[in-house]
Amino acid sequence: MTKLRARDLGIPFEGSTGKYNSITDVQGLTVGYATVIEGESARTGVTIIHPRGQDDHDPVFAAWFPFNGNGEMTGSAWVEEGGFLEGPIGITNTHSVGVVRDTIIQWQVTHSKIFQGWSCPLVTETADGWLNDINAFFVKPEHVMEALSSAASGPIAEGNVGGGTGMLCYEFKGGTGTSSRKLPEKFGGWTIGALAQTNFGRRFQLTIAGVPVGQHLKDDTIWTSGENPFKQDDGSLIIIIATDAPLLPHQLKRLAKRASLGMARTGSLGGNGSGDIFLAFSTANPNAALGDQRGVASIRALSNNFIDPLLMASAYATEEAIINSMIAAENMTGYKGVSAKALPHNQLQIIMKNYHRLQEV
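Residues numbered from 1 in each chain as written. Predicted model: local features only at pLDDT ≥ 70, side-chain atom pairs only at ≥ 80, totals over all residues. Heavy atoms only, no water.

Asks: An account of the pattern of salt bridges is requested, with residue identities and associated values reported.
Replies: Close approach of charged atoms lets side chains of opposite charge pair. Per the counting criterion, the structure on display carries nine salt bridges. Of the charged contacts in the structure, one is a salt bridge between Glu330 and Lys3, with a shortest N-O distance of 3.7 Å. Taken together, the residues Glu330 in the loop between α5 (308-328) and β13 (332-333) and Lys3 in the segment before β1 (30-38) connect sequence positions 327 residues apart. Since its relative accessible area comes to 44%, Glu330 is described here as partly exposed. Its salt-bridge partner being Glu80, residue Lys253 comes within 3.0 Å of it at the nearest N-O pair. A residue pair is termed long-range when its members are at least 10 positions apart, and Lys253 in helix α4 (residues 249-265) and Glu80 in helix α1 (residues 76-82) qualify at 173 residues. Exposure remark for Glu80: the relative accessible area of 46% places this residue in the partly exposed category. If you follow the salt bridges from partner to partner, you end up with Arg7, Arg181 and Glu320 in one network. (Salt bridge = Lys/Arg side-chain N within 4 Å of Asp/Glu carboxyl O. Helix = DSSP H or I, 4+ residues; strand = E, 2+ residues; numbered from the N terminus. Buried < 20%, exposed > 50% of the residue type's maximum accessible area, 1.4 Å probe, protein only.)

Structure below.
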């Protein structure tokens, strides 16, 4: 059964989406999941993104931006220095970064996908230790292999799946979400997609399409009474932005920075305890990392004078991906009986209608 998404409920967002309203609208890109739900304590998993698909690991131009760096993104030092992402992206829980990283290397060795002769995989995380026993290390190499091999294009699952399985967002159940924007031809016709793993925010902050939803839904909170607790905001947000626009690393960093604005549009300002780390990459310019026999590569690059629509689309796709992660999420009870409620669709629609922000669907 296909899950409802934010637009299905009449939530208005800026911009036109791609065919699937997904990061997979960027041609060639594939996403895979392994979801681990076992017993009363395992609520976790892993998400894999292949920028050009499993069979093509030609490096892509990339850049990262740590809006608030209380988290981890392995391989980011080489992305910053070299300007390329050289393999699949892994997203998991904080204490499973190591096994995901090591298994990606094993997969690359087995499939002869290592670019330099050694590998520094990009693996990032959010902490699912409220619903998942994070110290039990439930993510195993076979789960990572499953996500690597099962990655597909087209529509992808959202909510309690993959690395987002045990995550919380604005004290509702969070998880994995995605969205895309397709620019008009007069602005280049480029596609921008975002994938979010959401595990951040306090209820009073939650804002959807400009409406202060969290101020009207104060029940079933995890840490607060629904009011501003004036204390540290724990949790994290990972955003991966993909585009087919021919952007160079310094331009991609500008896109990654705009994920901060997409986050802010949903209400959070990024607390000390939150690891809000963002990555952007471009699938344009194949073979740019190799060049010809002299090592010279011919590349295309978009003028900065034409980049504004991409910057805005990055923020808008991020915003919608975050909300989609919550709309798709379902109630979950996990470690030590902690329970997280899903964002109630009917109540959300009533609130949006009261603010004249509900569209007919």
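Asks: How would you explain the environment of Val338 if you had to name every residue and give the values?
Replies: Topologically, Val338 is positioned in the loop between β13 and β14 (339-340). Look at Val338 and you get partly exposed, because its relative accessible area is 26%. Distance in space between the C-alpha atoms of Val338 and Thr224 is 14 Å, their sequence separation being 114 residues. Setting aside anything within four residues of it in sequence, one finds Val338 in contact with Trp130, Leu131, Met332 and Thr333. (Contact = heavy atoms within 4.5 Å.)

Asks: Give me the nonpolar core: which residues, what numbers.
Replies: Counting residues in hydrophobic clusters, the biggest one holds 51 residues, and the most contacted among them are Ile11, Ile208, Val213, Leu310, Ile322, Leu343 and Leu348. Elements with a contribution of two residues or more to this core: β3 (60-69), β10 (191-199), β11 (235-243), α4, β12 (274-282), α5 and α6 (345-354). At nine residues, α5 tops the list of elements feeding residues into this core. If you look at the next biggest cluster of nonpolar residues, it comprises 24 residues, including Tyr33, Leu85, Ile240 and Ala242. (Core = buried A, V, L, I, M, F, W, Y, C linked by side-chain atoms within 4.5 Å.)

Asks: So, α6: which residues are in play, and what are the values?
Replies: Within the sequence span of α6, burial applies to Leu348, Ile351 and Met352. What you see down the axis of α6 is that its buried residues fit within an arc of 100°, all on one side. Summarising the geometry of α6, the exposed residues directed more than 90 degrees from the buried face are Asn346, Ile350, Lys353 and Asn354. Of the residues trailing α6, His356 is marked for its positive phi of about 60°. (Arc of directions from axis to C-beta.)

Asks: Break down the sheet that holds β3 for me, with residues and values.
Replies: Read from one edge to the other, the open sheet built from six strands follows the order β4-β3-β12-β11-β10-β9, with strand pairing classed as mixed. Strands at the two margins of the open sheet, each flanked by one partner only, are β4 (84-85) and β9 (175-182). Looking at chain direction, β3 and β12 are connected through eight bridges and run antiparallel. Of the residues in β12, the one forming a bridge with Trp64 is Leu279. Lying on the sheet, α5 is in contact with β9, β10 and β11; it crosses β9 at an angle near 145°. (Pairing = 2+ DSSP bridges. Axes fitted to C-alpha atoms, helices over the stretch in contact; angles between N-to-C directions.)

Asks: Just give me the short version of the pairing of β12, but keep the residues and values in it.
Replies: Of all nine residues in β12, nine are buried; the element is thus mostly enclosed. A two-sided burial pattern is seen for β12, the buried positions comprising Ser274, Asp276, Phe278, Ala280 and Ser282 on one face and Gly275, Ile277, Leu279 and Phe281 on the other. Both β11 and β12 contribute to a ladder of nine bridges, which runs parallel. The residue of β12 that forms the bridge with Ile238 is Ile277. In this fold, β11 hands off to α4, which returns the chain to β12; that crossover is right-handed. (Right-handed = clockwise from strand over helix to strand, strands pointing away.)

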